[in-house]
Amino acid sequence: MPFPFLLFFSSIFLSFPPLSFSQQTFPKGYLINCGATRRSVIDGRVWLPDGDFISAGTSKNLTVPGLVPTLSTVRSFPLENKNLRRKFCYVVRVYRGARYLIRTTYYYGGVNGLDFDSPPVFDQIVDGTFWSVVNTTEDYGKGLSSYYEGVFEAKGNTMSVCVASNTYTVSDPFISSLEMLILGDSIYNTTKFDSHALHLVARHSFGHNGSIIRYPDDQFDRYWQPYEENVSFTASKKIPAVSGFWNIPPSKVFETALSTAQLESMELRWPPFSLPNSTYYIALYFADNSNSMSSNSRVIDMHINDVRYYSNLVLSSEGAAVFATRWPLGGLTKITLSPAANSNGSPLINAGEIFDVLRLGGRTHTRDVIALEELKNSLRNPPLDWNGDPCLPRDYTWTGVKCSEGERTRVISLNLTGMGLLGSLSPSIANLTALNGIWLGNNSLSGVIPDLSSLKLLEILHLQDNQLTGEIPSSLGEMKSLRELFLQNNNLTGRIPDNLIGRPGLEVRTSGNQFLSPPPS
């Protein structure tokens, strides 16, 4: 263990009823059927087509028979270069400060053709945070879909969920569905969502051997998988009032419990796979509903990989939840539940959740994001990946955008030379006040050159070989840092401002325009 015992033990909490909970009307969020072209109603809930949330990619129908509607279509994204990292983002309006459960579902269905039997491996991103690698190969080989679930807090009025190609991506990335649902105020609220998010590793209903427990049993539509290890289970006769639990698990997970027949320890290999070295949020849920013993007679001690997790937990019909917010784990995990010295009953457990605790990747300065969005809207054919956070994650900046290092992320240059851009230059480009270079030459941009005098750091402005009209703003001559101004081969008129002619340290090119005075020599 890399941390002293007391440090991570101090992050364990015990939760008993009652706790307040602000009720939400379900569903408060979005159910998006990716690749679909029309709304559909599935199990009484409305799924939306994805056209209003993304501008890139291609809708495709799968020919696999018997698929549920949310798997029968996908949105596929072009892989132009195996060594090029590009992201394609769904952008959704959200409530700032709300906590969202985000679930992405993938079913390949051979959508990339006969040359690619296996699904591509790629990345998924939320805002500026790398979420996880998407690798559905094993599930697809078994004829199954794959889903990923995380909990993120909305930092602004929109959130972006992105599919991204990486160097290990060999064919077009894709996505089947996207769900974004608001969680209750109490859910996972010991996590510092201003700096972290949660990525689901496993969520099991121990003792349950039926189908996945989800909505409407879970009002937040979390998935509780049956636990398939060979451990005995018992049926409960009384179900606790789950509204008193901090994370509000569904009452159905308390209908059965794993237990031992004798007064002895119980070991669980959970989660049932090896974990990468990281810190994890772990929550375990208990309720003693056997009615076979007197009150407070079942007391248990808990260890994770032989390290004490909690001692002398008294189990009752009211239920209890024990959780740690930052617990270091790596490799296979063993959970040991033992009868305490004063216990008259054997251990039991009903359910558990474990999340990888993700550090957020940050956000590009809001001023720059707004300015780039307005610039994007002024272009008729902006780059396809101009969605989501412009600068973050660092490996996934927008095409043509270069950003600063450090905690305060700013846009420091734009280079879209020869991109065939149509449209005009939005005046909002002047709000990118950290810019030191603009390269927009060899496009088909029209309209006037906006006032750029607020760009105090700008050294290079290349607008040559476009279709710009109007006069050269005299404010360009007042920009002290400017050393290259290339405006040749446009449709500019009027006179060249005197403060641009013969200025030391400034190279000005204006040939191929319709000026009333000759260009500077």
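Source: prediction; values computed, not measured.

**Brief notes about the overall build of the protein**
Here comes step 1: Along its length, the protein carries three helices and 36 strands.
Here comes step 2: Looking at the 521 residues of the protein, the share that counts as buried comes to 54%.
Here comes step 3: Summed over all atoms, the accessible surface of the protein reaches about 22,500 Å², with 49% contributed by carbon and sulfur.

**A few points about the environment of S72**
Here comes step 1: Position of S72 among the secondary structure elements: in the loop between β5 (58–61) and β6 (73–76).
Here comes step 2: Between the alpha carbons of S72 and Y107 there is a distance of 8.5 Å; along the sequence they are 35 residues apart.
Here comes step 3: Residue contacts for S72: discarding those within four places in its chain leaves K60, N61, L62 and L67.

**Description of a nonpolar patch on the surface**
Here comes step 1: Together, F130, V133 and Y168 line one region of the surface with nonpolar side chains, adding up to about 250 Å² of accessible area.
Here comes step 2: Tracing the chain through its elements places V133 in strand β10 (residues 129–134).
Here comes step 3: According to the relative accessible area criterion, V133 is partly exposed, its value standing at 36%.

**Things to note about the packing of aromatic side chains**
Here comes step 1: A full pass over the atoms with the stated rule returns 20 aromatic pairs.
Here comes step 2: Judged by centre distance (5.6 Å) and plane angle (80°), the ring pair of Y30 and F53 falls under edge-to-face. Of the two residues, Y30 sits in strand β2 (residues 29–33) while F53 sits in the loop between β4 (45–49) and β5, which places them 23 residues apart along the sequence.
Here comes step 3: An angle of 65° between the planes, with centres 5.0 Å apart, marks the rings of Y188 and F355 as edge-to-face. Here the residue Y188 occupies a position in the loop between β14 (177–182) and β15 (196–205), and F355 occupies one in strand β26 (residues 351–359), the gap between them amounting to 167 residues.
Here comes step 4: Classification of Y188 as buried rests on a relative accessible area of 1%.
Here comes step 5: Of the aromatic side chains, those joined through ring pairs into one cluster are Y106, Y107, Y108, F122, Y140, Y148 and F174.
Here comes step 6: For the cation-ring pair, R103 lies above Y223, with the distance from its terminal atom to the ring centre recorded as 3.7 Å.

**So, the side chain of D356**
Here comes step 1: Structurally, the position occupied by D356 is in strand β26.
Here comes step 2: Within the buried core, D356 has no salt-bridge partner, and the shortest N-O distance to an opposite charge, that of R326, equals 7.8 Å.
Here comes step 3: Once residues within four sequence positions are removed from consideration, D356 is found in contact with A197, L198, H199, V201, S278, T279 and Y280.

**What about the UniProt feature "domain: Leucine-rich repeat-containing N-terminal plant-type" (unreviewed entry) in the protein?**
Here comes step 1: Annotation from UniProt places "domain: Leucine-rich repeat-containing N-terminal plant-type" (unreviewed entry) at residues 367–404.
Here comes step 2: Secondary structure across residues 367–404 divides into 32% helix and 8% strand, with the first and last C-alpha atoms of the span separated by 14 Å.

**A look at the state of the cysteines**
Here comes step 1: Overall, the coordinates contain two disulfides when judged by the stated rule.
Here comes step 2: Here C89 pairs with C162 through a disulfide, and the sulfurs are 2.1 Å apart. On the sign convention where negative means left-handed, the S-S torsion of about 100° between C89 and C162 marks this disulfide as right-handed. Here C89 is found in strand β7 (residues 86–93), whereas its partner C162 is found in strand β12 (residues 158–165), with 73 residues between them in sequence. The pair formed by C89 and C162 is uniform in burial state, with each residue classed as buried.
Here comes step 3: Two residues share a disulfide in this structure: C391 and C403, whose sulfurs sit 2.0 Å from each other.

**As for helix α3 (residues 366–378)**
Here comes step 1: With 13 residues, α3 ought to run about 18 Å at 1.5 Å a step, and its terminal C-alpha atoms sit 19 Å apart, in line with that.
Here comes step 2: Of the positions making up α3, those classed as buried are D368, A371, L372, L375, K376 and S378. Relative to the axis of α3, the buried residues are bounded by an arc of 160° and lie together on one face.
Here comes step 3: Each element contacted by the buried residues of α3 is listed here: β27 (401–403), β28 (411–415) and β29 (422–424).

**Looking at the pairing of β26**
Here comes step 1: For β26, the tally of buried residues reaches eight of nine residues, placing the bulk of the element in the interior.
Here comes step 2: Across nine bridges, β15 lies against β26 in antiparallel orientation. Opposite H196, over in β26, you have R359 as the bridge partner.
Here comes step 3: As paired elements, strand β20 (residues 275–286) and β26 share six bridges and run antiparallel to each other. Pairing of Y281 across the sheet is with F355, part of β26.

**A closer look at the pairing of strand β9 (residues 122–126)**
Here is the key point about a regular strand: its side chains alternate between the two faces of the sheet.
Here comes step 1: Within β9, five of the five residues are buried, which leaves the element mostly enclosed by the surrounding structure.
Here comes step 2: In the sheet, β9 pairs with β10 via five bridges, with the strands oriented antiparallel. Bridge pairing in β10 places V126 opposite T129.
Here comes step 3: The turn joining β9 and β10, which pair antiparallel and follow one another in sequence, is formed by two residues; a positive phi near 50° is taken by D127.
Here comes step 4: The pairing of β9 with β12 spans four bridges and is classified as antiparallel. Residue pairing in the sheet places D123 in a bridge with A164 of β12.

**Some details on the pattern of salt bridges**
Here comes step 1: Inspection of every chain in the model, using the stated rule, returns 21 salt bridges.
Here comes step 2: K334 is the salt-bridge partner of D306, the closest N and O atoms lying 3.1 Å from each other. Placement of the pair is D306 in the loop between β21 (298–304) and β22 (307–315) and K334 in strand β24 (residues 334–339), with a sequence separation of 28 residues.
Here comes step 3: Judged by relative accessible area, which is 57%, D306 ranks as exposed.
Here comes step 4: Judged by its relative accessible area of 15%, K334 falls in the buried class.
Here comes step 5: Beyond isolated ion pairs, a larger network of salt bridges with shared partners links R45, R103, E149, E179, R203, R214, D221 and E353.

**A short note on the sheet that holds β10**
Here comes step 1: What the four strands build is an open sheet, ordered β7-β12-β9-β10; its pairing is antiparallel. The open sheet has two edge strands, β7 and β10, and neither has a second partner. For this sheet the average axis-to-axis angle between neighbouring strands, irrespective of direction, equals 20°.
Here comes step 2: Pairing of β7 with β12, which is carried by eight bridges, proceeds in the antiparallel orientation. Bridging from a neighbouring strand, V91 pairs with S160 of β12.

Reading guide: rules and limits
Residues numbered from 1 in each chain as written. Predicted model: local features only at pLDDT ≥ 70, side-chain atom pairs only at ≥ 80, totals over all residues. Heavy atoms only, no water. Helix = DSSP H or I, 4+ residues; strand = E, 2+ residues; numbered from the N terminus. Buried < 20%, exposed > 50% of the residue type's maximum accessible area, 1.4 Å probe, protein only. Areas by Shrake-Rupley, 256 points an atom, 1.4 Å probe, with all protein chains shown as cover. Contact = heavy atoms within 4.5 Å. Patch = residues over 30% accessible without salt bridge, like charges linked within 9 Å, V, L, I, M, F, W, Y side chains within 5 Å. Salt bridge = Lys/Arg side-chain N within 4 Å of Asp/Glu carboxyl O. Phe/Tyr/Trp six-rings, centres within 6.5 Å; stacked < 30°, edge-to-face > 60°. Lys NZ or Arg CZ within 6 Å of the ring centre and 35° of its normal. Lys, Arg positive; Asp, Glu negative; His and termini not counted. UniProt positions renumbered as here; feature names shortened; annotations may be inferred. Disulfide = S-S within 2.5 Å. Expected span 1.5 Å × (residues − 1). Arc of directions from axis to C-beta. Pairing = 2+ DSSP bridges. Axes fitted to C-alpha atoms, helices over the stretch in contact; angles between N-to-C directions.

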